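Understanding the architecture of this molecule
Here's the letter readout for the chains.
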Amino acid sequence: MFLLQNLRQTLDDLTRSGYSVCIVEEVQVPTQARSRKGRFISGHAHPGSPYVFGLAGVNHDVDFPEPMHIVGVSRSAKGYCIILVLETMKTFSSEDGLTEEALVTKLRTGRYHHLFLHSSLKQNSSGTSRWGEFGEGGLLWGECNGRYFEWFDGDPVTEILFKVKELYGLDHDVTFRNATVSSDKRPRPLYLGTATQIGAVPTEGIPCLLKLLLPSSCTGLPVLYIRDLLLNPPTYVIGSTIQAICRLMSNVTCSIPDFTCVSAPKVVSCLLFSSIVDECEFISNRIGDMISLDSENDQKMNSSLIIPGDFFEDMETSWKGRVKRIHAEEEFAEVERAAEALSIAVTEDFLPIVSRIKATAAPFGGPKGEILYAREHEAVWFKGKRFVPSVWAGTRGEEQIKQLRPATDSKARKVGEEWFTTKKVEEALIRYHEAGAKAKARVLELLRGLSAELQCKINILVFACMLLTIAKALFAHVSEGRRRKWVFPTLVEFSETKDESLSDGANKMEITGLSPYWFDVAQGGAILNTVDMQSLFLLTGPNGGGKSSLLRSICAAALLGICGLMVPAESALIPHFDSVMLHMKSYDSPADGKSSFQIEMSEIRSIITRATSRSLVLVDEICRGTETAKGMCIAGSIIESLDSIGCLGIVSTHLHGIFDLPLVRKNTVYKAMGTENVDGCTKPTWKLIDGICRESLAFETALEEGIPERVIQRAEELYLSVNGKDVSEVKEYSEVEERSSDSDANYSEAYNHLSQIGIGTIPCVKKTVNPIENLRKGVANAITVICQQKLIELYKQRNVSELVAVTCVAIAARELPPPSTIGASSVYVLLRPDKKLYVGQTDDLEGRVRSHRSMEGMQNVAFLYFLVPGKSIASQLETLLINQLPREGFRLSNVADGKHRNFGSSNLPSETLSLLR
């Protein structure tokens, strides 16, 4: 098994790196010593199809990698175009109108087998210079220059499909289905700078947003789904639907499945949600009726005390255990009869010879003989050396020796000098192989019939796999969001009218209690800000005052909001932006021959040319990489351009002279990061306020970072020599208007939409009653009676009216607690395989369930739990159940814990806590 895992890992590494691999196996044959071993090609793996049939055994669960795309890039009148072809699914998709930054993001975050670049890229948009020489195209050239690619001409889609068929050796009449998804009304894909600066693409030194949206235990496909969702934000309708689904998940009180996510290519057809449940149920029933389950024990491999076990294993593995025996009873029975006949023939013809040899064997150089499996010839033969007696004395086994004849292969050629068989054994072998061939043919016939019947359902199956991934990702996100105390924002569409009185607040963004996404609010320590944005902010503030953190936080909250996810705030109203663009500090690119200022201007050019009145634009420390006077003027002109566009956003700067420029602005307001005077020193408050802050705290920051004090003193002297006096002015306005938003305004509409298409209802599923089910019901009833009675007694003592009802919730095998249990105290009962119970209490039910199931033999155990108001009550009820359940006839594995009464902190009011004293 370890060898197979190593081989699979080697193949994965090679195919991920773009290599094609030919798998060669040695032929297992009875050959003469020192003879050359035979080899044959058993499989072929390449990045487009990294699967090798038969590489893993039947019982080995192998995690196959996702096939890689063939990628083509071209230029069109709309911008850049990317074409993705998936050979295994025979599909292709194209996306046009991309910016250079968005295209580079897709190339950097996606895995692909081959890269083809269209000749239209060799010139810039004006057609006057070579691609990558200067201006537009430099970023893309830098991305592709370090990779292997090929040029191509002609119609991009047609030529790319031709290249794919040529690459994989496909016939030219093979058709590929167009799986392109319309980009109408979708926000533009995230720019590379934006994605890296908020950690949507993990980047060293940047807080990774992607890692904070899901629990650390959630890995694999759900993470990729969330990443793709952030990089390619959805339409307003889809974003609202995702949020409505997350809200429903947040309120689920029953247990949820431990979703099994199976890797599948992107869904290639659009299906109605209402049909999925019925179609999947039909598919599941048909497969269940036909396919054999692991728990069925009526298809064990044939065995014999005489014949090597590998023989029957090799002969029957390819077909036995595939379908239920009832569908091929006659064929299965004939194989068993033939196997029995073969065992008898081998026993009668070979065993006496082996027994005779063992009785007469000398320590050295004596006769040898044994019954072996000749794998290449699929036969069981006798292999012997010097076993023929020199004198025939009528001893036991001589009659069988006289019946032996040399073994031959399928072409009637003698196999070797030491391999023998008999007529009876050969006839039994022929009978067994014929029976096996008929059984295999019958199984294949049944499977082909099932495959043909389900052929039209393949899209349903692929879509179901994708839904499992989405469900697991969203449940995990809701669980982590609740733990971090994040909220669902109110997501609204931009208004078509310019009249603000009719816009219903859609052309503004309000976030109350915004925290940096990398801070865990549940642990405290984060500075919360309120952002009421109805225009462009020109932001000033000291070094270390929180400008960059504020921009990152706003960018992350806006992006999460339009994707339908939870945001790090107390409340939020977020418009559905058509693009979210964040530009932070730039660094030079020696490979492209560009300075940091050139890189900055390239990114700003993309922002200005693509921004609309529905965009969110965030620019940090604009024009910091060039001479102050001219940089200040360029910054002022850029601010005027963004102001005329009418977008929402923030431009932060340390160029205080910009306020002395005659800027033409209608929609730009001045904001600052606040400071305060503490013991004669100016300190940042990290709070957003109105006004202008001309204090940079540059000297203080440099001193804190270890610059020698003499250097700072000289800097202050030079500063005073130029400015004459300390001209730092800070205008602070302490009053910040806080506005709350109705976070449920858009939820009811989305919920009604879900109800119409059949999502949001829980179907009633009938389950067969079994002993475990009976035990679960009995335990649930006992828990309800014992605990409810105790709670009534406690509450009556002080006449407390708010009685908490005991509601037991079951967590079956491969299910997990819902997100609503996060942060709540609970009492749980584990139903062990030996029918003993384990009673416990916890504030982290999901973690406790995973911990129990990680123990040997406990992988599929079921649980019962109920929520209680506080850890103290949970501890008391835990002790009560440990003492009372055995009296009700239940066996416990932790009876000794009933002697302890250790109570923790509680969130109950003081009058309720007094009941427990």
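Residues numbered from 1 in each chain as written. Predicted model: local features only at pLDDT ≥ 70, side-chain atom pairs only at ≥ 80, totals over all residues. Heavy atoms only, no water.

**A look at helix H4 (residues 156–168)**
- The terminal C-alpha atoms of H4 lie 18 Å apart, and with 13 residues this matches the ideal 18 Å at 1.5 Å per residue to within 8%.
- Taken together, the buried positions of H4 are Ile 160, Leu 161, Val 164, Lys 165 and Tyr 168. One side of H4 holds all its buried residues, which, seen down the axis, span an arc of 140°.
- In this structure, the buried residues of H4 make contact with strand E3 (69–76), strand E4 (79–86), strand E5 (91–98), strand E6 (112–118) and strand E7 (150–152).
- Two residues or fewer after H4 comes Gly 169, characterised by a positive phi angle close to 70°. (Helix = DSSP H or I, 4+ residues; strand = E, 2+ residues; numbered from the N terminus. Expected span 1.5 Å × (residues − 1). Buried < 20%, exposed > 50% of the residue type's maximum accessible area, 1.4 Å probe, protein only. Arc of directions from axis to C-beta. Contact = heavy atoms within 4.5 Å.)

**Details of unusual backbone geometry**
- Even without a glycine there, the phi angle at Arg 814 is positive, about 65°.
- Looking at where Arg 814 falls in the secondary structure, it is placed in the loop between strand E24 (809–811) and strand E25 (815–816).
- Owing to a relative accessible area of 46%, Arg 814 belongs among the partly exposed residues under this scheme.

**Regarding the environment of Leu 14**
- Locating Leu 14 in the fold gives a position in helix H1 (residues 2–16).
- With relative accessibility at 31%, the residue Leu 14 sits in the partly exposed group.
- Excluding anything up to four places from it in sequence, Leu 14 contacts Tyr 19 and Val 21.

**A few points about the packing of helix H2 (residues 100–109) against helix H3 (residues 138–145)**
- One way to put it is that H2 packs onto H3 with a least axis distance of 9 Å and a crossing angle of 15°. Comparing the axis directions of H2 and H3 gives the class roughly parallel. You can see that H2 and H3 cross each other, and the crossing is left-handed. Contacts between H2 and H3 involve Glu 100, Glu 101, Leu 103, Val 104, Leu 107 and Arg 108 from the first element and Gly 138, Leu 139, Leu 140, Glu 143 and Cys 144 from the second. (Axes fitted to C-alpha atoms, helices over the stretch in contact; angles between N-to-C directions. Parallel < 35°, antiparallel > 145°, perpendicular 65-115°, else oblique. Left-handed = near helix turned anticlockwise from the far one by under 90°.)

**A few points about the sheet that holds strand E12 (residues 405–406)**
- Spatial strand order, E10-E11-E13-E12: 4 strands in an open sheet with antiparallel pairing. Only two strands of the sheet have a single neighbouring strand rather than two, namely strand E10 (368–374) and E12.
- As judged from the 2 bridges shared by E12 and strand E13 (residues 419–421), these two strands associate in the antiparallel manner. The partner of Pro 406 across the bridge, within E13, is Phe 420. (Pairing = 2+ DSSP bridges.)

**Remarks on the confidence of the model for the chain**
- Averaged over every residue, the pLDDT of the chain is 78; the share at 70 or more is 76%.
- Model confidence for the chain, summarised as mean pLDDT per element, is weakest for helix H25 (residues 910–913) at 35 and strongest for strand E18 (residues 571–575) at 95.
- In this model residues 27–35 is a low-confidence stretch, pLDDT under 50, and it forms 13 contacts with partners more than four residues away in sequence or in other chains.
- Scored below 50 in pLDDT, residues 500–505 shows 5 contacts in the model against residues more than four places distant or in partner chains. (pLDDT = per-residue confidence, 0-100.)

**Some details on the packing of helix H17 (residues 596–610) against helix H18 (residues 628–645)**
- Where H17 meets H18, the axes come as close as 11 Å, and the angle between the chain directions of the two elements is 15°. With respect to their mutual orientation, H17 and H18 come out roughly parallel. For the crossing formed where H17 meets H18, the hand is left-handed. Between H17, through Phe 597, Met 601, Ile 604 and Ile 608, and H18, the contact on the second element is made entirely by Ile 634, Ile 638 and Ile 645.
- The class makeup of the residues in the contact of H17 with H18 is 7 nonpolar, no polar and no charged. (Nonpolar A, V, L, I, M, F, W, Y, C, P; charged D, E, K, R; others polar.)

**Describing the nonpolar core**
- Within the largest apolar cluster, 82 residues are counted, with the highest numbers of intra-cluster contacts made by Leu 230, Met 509, Ile 554, Phe 577 and Leu 616.
- A per-element tally of this core places helix H16 (residues 547–562) first, with 10 residues.
- With 42 residues, the next largest nonpolar core counts Phe 312, Phe 332, Ala 439 and Leu 450 among its residues. (Core = buried A, V, L, I, M, F, W, Y, C linked by side-chain atoms within 4.5 Å.)

**Quick notes on H16**
- A rise of 1.5 Å per residue sets the reference length of H16, with its 16 residues, at 22 Å; its end C-alpha atoms lie 23 Å apart and thus fit the reference within 8%.
- Judged by how many residues are buried, H16 sits mostly within the fold: 15 of 16 residues are covered.
- Just downstream of H16, Gly 564 is the residue with a positive phi angle, here 85°.

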